[in-house]
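# Residue-level structure breakdown
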Amino acid sequence: MKFVVALTSLFVGTALLVSCGKPAPTVREQEAAQARSVASLSGWDRLFAAPQETIGAINQAGFALGGYAAKGEGFIATGQPRMFSNSNAKAPNTTSVVVTGKSAESIDTVTYALSLTDPVDATTARMRLAQTVGEFLGRFKIKASPDLLRAIRLGQPLDAAPATVAIVPATNTTPARVDVTFTRSPATSPANNKTQG
């Protein structure tokens, strides 16, 4: 009986040693690997394949997004809304940004959401949103299309992949919104296309 127990312990101990293998990479090693994997990408590919770089570009406009962290079945980064109109208004218009994806290595959507709580200054807020979106895309050497910028400025819907502009009407409990969303398509997936933009 002692022989069987000793033999079982030996097999379990050996299995544990074999399964240990190489230690898991450190956070710094993971970040370096991610940087190497996107180094050759540009334009839309880079925007969607480099979450930390994309969040950094968004934060240059003062949105203070936090880390791209696991939530539910995916990953998300959110931050503080920015005032996009007259600060003296009872309820100034604000814009917030949300970045989402299915994995830590890539982004599926970037959404700028302008809440129009001050209709008197809505035109100014939409103009600021168009400028902010144009500057964000410019950081990835993507020229914002005139149709996209016009749709944002005028508050008109647009569906021109990878960009959409959705006009969300006000309800009894929520203000009207202008949502500008950039969605990764299979063509902008790093596995399918290495240099677009």
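Preceding this section is the structure that the text describes.
Residues numbered from 1 in each chain as written. Predicted model: local features only at pLDDT ≥ 70, side-chain atom pairs only at ≥ 80, totals over all residues. Heavy atoms only, no water.

### Regarding the pattern of salt bridges
For clarity, the cut-off: We define a salt bridge as a contact between a side-chain nitrogen of Lys or Arg and a carboxyl oxygen of Asp or Glu at a distance within 4 Å. A run of H or I in DSSP becomes a helix once it reaches four residues, and a run of E becomes a strand once it reaches two; helices and strands are each numbered from the N terminus.
For the structure shown, the criterion picks out 5 salt bridges. The partner of R184 in a salt bridge is D108, with the nearest N and O atoms 2.9 Å apart. Separated by 76 residues along the polypeptide, R184 in the segment after β8 (176-183) and D108 in the loop between β4 (94-101) and β5 (109-116) bring together distant segments of the chain. In this structure, D179 and R177 form a salt bridge, with 2.7 Å as the shortest nitrogen-oxygen distance. Within the structure, one salt-bridge network assembled from shared partners comprises K102, D108 and R184.

### Considerations on the environment of A91
Cut-off, in case you're wondering: Summary of the burial criterion: residues with accessible area below 20% of their type's maximum are buried, those above 50% are exposed, and those between are partly exposed, where the area comes from a 1.4 Å probe applied to protein chains only. Contact definition: two residues touch when any of their heavy atoms are within 4.5 Å.
In this structure, A91 sits in the loop between β3 (82-83) and β4. For A91, a relative accessible area of 33% gives the class partly exposed. Considered as a pair, A91 and T117 are 26 residues apart in the sequence and their alpha carbons are 5.6 Å apart. In contact with A91, not counting residues within four places along its chain, are T117 and D118.

Remember that the coordinates give geometry; whether it matters functionally is a separate question.
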